[in-house]
Amino acid sequence: MNKYFIIGIGGTGMRCLEAFIHTCAMGMFDNSEINLLALDTDLENGNFARLQELVDAYLKTKGENKTQTPHADTFFSAKINFYKFSPDYSRTETSSFQRIAKTSYATETERDLANLLFTDNVQAFDLKHGYRAQTHLGSMLMYHAIIDEVNKNPGGNMSAFIDELYNANTAGNVKLFIMGSVFGGTGASSIPVMPAALDTAVRKRHQGKTLDKLFVGATLLTSYFSFISPTQNSRELQKIVADSKNFSMNSQAAMMFYEDDLSVRRTYQKFYMLGTPTNDFTTPQAEPDTITGGNRQRNDSHYIELFCAFAAYDFFKNPDADLQKIKDDKASGVQYYFRSIDDSQKLDFKDFLPENEASNIFLKKLTLFTAFSFLVGLDNTDFFASAQRGDLKNITGYEDITKVELDALLKYMGLFHFRFSNDELREGWLRQVWRSSGGGERFMYNPEMFGATTVRDLRKFEFNKLFSKSSEYQRHNFSVNFLTSPFDRFKETFVKETSDGAFANKSEKLIKRMYDTLVKLYSF
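Everything in this summary refers to the structure shown in the same document. Values in this document were obtained by computation on a predicted structure and should not be read as measured data. (Residues numbered from 1 in each chain as written. Predicted model: local features only at pLDDT ≥ 70, side-chain atom pairs only at ≥ 80, totals over all residues. Heavy atoms only, no water.)

### Describing unusual backbone geometry
- The residue F76 is not glycine, and still its phi comes out positive at about 55°.
- Relative to the helices and strands, F76 resides in the loop between helix 2 (46-61) and strand 3 (79-85).
- Among the residues examined, F76 registers a relative accessible area of 1% and is labelled buried.
- Unlike most non-glycine residues, Q345 shows phi in positive territory, near 65°.
- Following the sequence through the fold, Q345 ends up in the loop between strand 7 (335-338) and helix 15 (349-352).
- What makes Q345 partly exposed here is its relative accessible area of 29%. (Helix = DSSP H or I, 4+ residues; strand = E, 2+ residues; numbered from the N terminus. Buried < 20%, exposed > 50% of the residue type's maximum accessible area, 1.4 Å probe, protein only.)

In structure tokens:
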């Protein structure tokens, strides 16, 4: 079993983790255990709430109140252990740096140093919604927040994550990947100090031991979206408010820092530089002013976050010997990587994973999972629920799947692709990613699928034709005769597919059998 560690930091990091979990759900991490830490100063953030929903649905789909087990050649194959941590700035005495400094910086010299380094507004703004592009402040606060947490809360999530990391390091080489942006606040603040903070935390909890076998990679995600610029009234009220018009400049300054700072270069083995040509992607909002955080901050997903997920995939698949060679090179340190797409700006499977074998795996997994979404949740093709109820002829043995497991799968697939609310179609992650690519034929699948904007249209879409006629992948479409629907063809093939895997949980058994059926239909 592979054992990997991944940390998502800040609002952007939450959306990158969201994309990463979808790669786990489609089966990109077979026979793997993923220890996942969501780290943000604002756990009331809407993007974190969506991530929490996604993780809960993933875990319950794999079995209600049952021990999670990694599998292979199926959906939801990876085992996920989920941790979360947020520095608590909700108390009055810790709501701003100014208040923290009253207790943490007791001497006059230290107070003078703080006043020299930080303006009055930087010292006074409310920290509950993040560090707001003030990385010089955020790096110090996040480092000490992690150390304070393991000292004061030995039974908390952060301490548990640190212990898992230490135990894995004791057993052998261990890989950690960190996701976040370099243009914002929390992620940009935390990426430079995270390896040092984790190592210090391990030494404090484990009698001076270090993470000597740890390999670390990270995304350096530059600006790719924008939002409404803050009004003058908002600036005066909030003291400090991030402005997306500065994101490009922030990104350039960050890249200069990562190139020049030797301490950072020596603690990382690989940096994945990612970004988009412009940062004109926006999330529609009703508010006339900048949303600094909280539940209202619920940004749409973007295809660049899927690139981040595959940066983690690439890092985890790297041979230990290659990473050790980089780690031993103290003169040069970290290596930089980037991906590019062709001038057409169309996204293809090979853009995410360049090697033929790996990109073909992604082609297979995402295609099957997209087809699976049409078999879960649509009232006229809800195969999973019908099998659970025992309503399908010649298909029995799945009636003891619990309602919790059924509801969890429905929830997950709604977050992945589509769901209904008052008979209206609500877009999930996949449809948002398609829209972020520019829509039309710029994404890999048949644009008619995404063009369905009503429940009726989606019911009429023939999911046996996921690829358009002009696609090089249209060979994977399957045919039906004029008397048979794609759903009927699936049922006929499912009945002939007798294997459902050696799984103790009936929910996973049914999912495995559906997976194998789709493999045959789509000729993978």
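### Things to note about the pairing of strand 6 (residues 270-274)
- Taking burial as the measure, the 5 residues of strand 6 include 4 buried ones, the bulk of the element.
- Pairing between strand 5 (residues 214-221) and strand 6: 5 bridges, direction parallel. Paired with T219 across the strands is Y272, a residue of strand 6. (Pairing = 2+ DSSP bridges.)

### Notes on the nonpolar core
- In terms of nonpolar packing, the biggest core is built from 108 residues, with F20, F76, F362, F372, F383 and Y412 touching the most fellow members.
- Among all residues touching Y412, those that are not within four sequence positions of it are I21, H22, A25, L54, A57, Y58, F76 and F369.
- Residues Y83, A145, L176 and M194 belong to the second largest nonpolar core, which totals 37 residues. (Core = buried A, V, L, I, M, F, W, Y, C linked by side-chain atoms within 4.5 Å. Contact = heavy atoms within 4.5 Å.)

### Section: the environment of Q335
- Residue placement: Q335 occurs in strand 7.
- Residues Q335 and R265 lie 70 residues apart in sequence; the distance between their C-alpha atoms is 8.5 Å.
- Not counting chain neighbours up to four residues away, the residues in contact with Q335 comprise Q269, K270, F271 and I326.

### Regarding the packing of aromatic side chains
- On inspection of all chains with the given rule, the structure shows 49 aromatic pairs.
- When the ring of Y4 is compared with that of F316, the centres are 4.4 Å apart and the planes differ by 10°; the resulting orientation is stacked. One end of the pair, Y4, is in strand 1 (residues 2-9); the other, F316, is in helix 13 (residues 303-316), with 312 residues separating them in the sequence.
- Residue classification places F316 among the buried residues on the basis of a relative accessible area of 2%.
- Where F374 meets F418, the ring centres are 5.7 Å apart and the plane angle is 55°; that geometry is what we call tilted. (Phe/Tyr/Trp six-rings, centres within 6.5 Å; stacked < 30°, edge-to-face > 60°.)

### With respect to the packing of helix 2 against helix 18 (residues 403-416)
- At their nearest, the axes of helix 2 and helix 18 sit 8 Å apart, and the two run at 135° to each other. Taken as axis vectors, helix 2 and helix 18 run oblique relative to one another. The crossing of helix 2 and helix 18 is left-handed. Residue-level inspection shows R50, E53, L54, A57, Y58, K60 and T61 of helix 2 in contact with helix 18, the latter providing V404, E405, A408, L409, K411, Y412 and L415.
- Split into classes, the residues belonging to the contact of helix 2 with helix 18 amount to 8 nonpolar, 1 polar and 5 charged. (Axes fitted to C-alpha atoms, helices over the stretch in contact; angles between N-to-C directions. Parallel < 35°, antiparallel > 145°, perpendicular 65-115°, else oblique. Left-handed = near helix turned anticlockwise from the far one by under 90°. Nonpolar A, V, L, I, M, F, W, Y, C, P; charged D, E, K, R; others polar.)

### Some words on a nonpolar patch on the surface
- A contiguous nonpolar surface patch, about 330 Å² in accessible area, is contributed by L113, L116 and L117.
- A residue is classified by how much of its surface remains accessible, and L113, at 47% relative accessible area, is partly exposed. (Patch = residues over 30% accessible without salt bridge, like charges linked within 9 Å, V, L, I, M, F, W, Y side chains within 5 Å. Areas by Shrake-Rupley, 256 points an atom, 1.4 Å probe, with all protein chains shown as cover. Salt bridge = Lys/Arg side-chain N within 4 Å of Asp/Glu carboxyl O.)

Worth remembering: the numbers are spatial, not functional.
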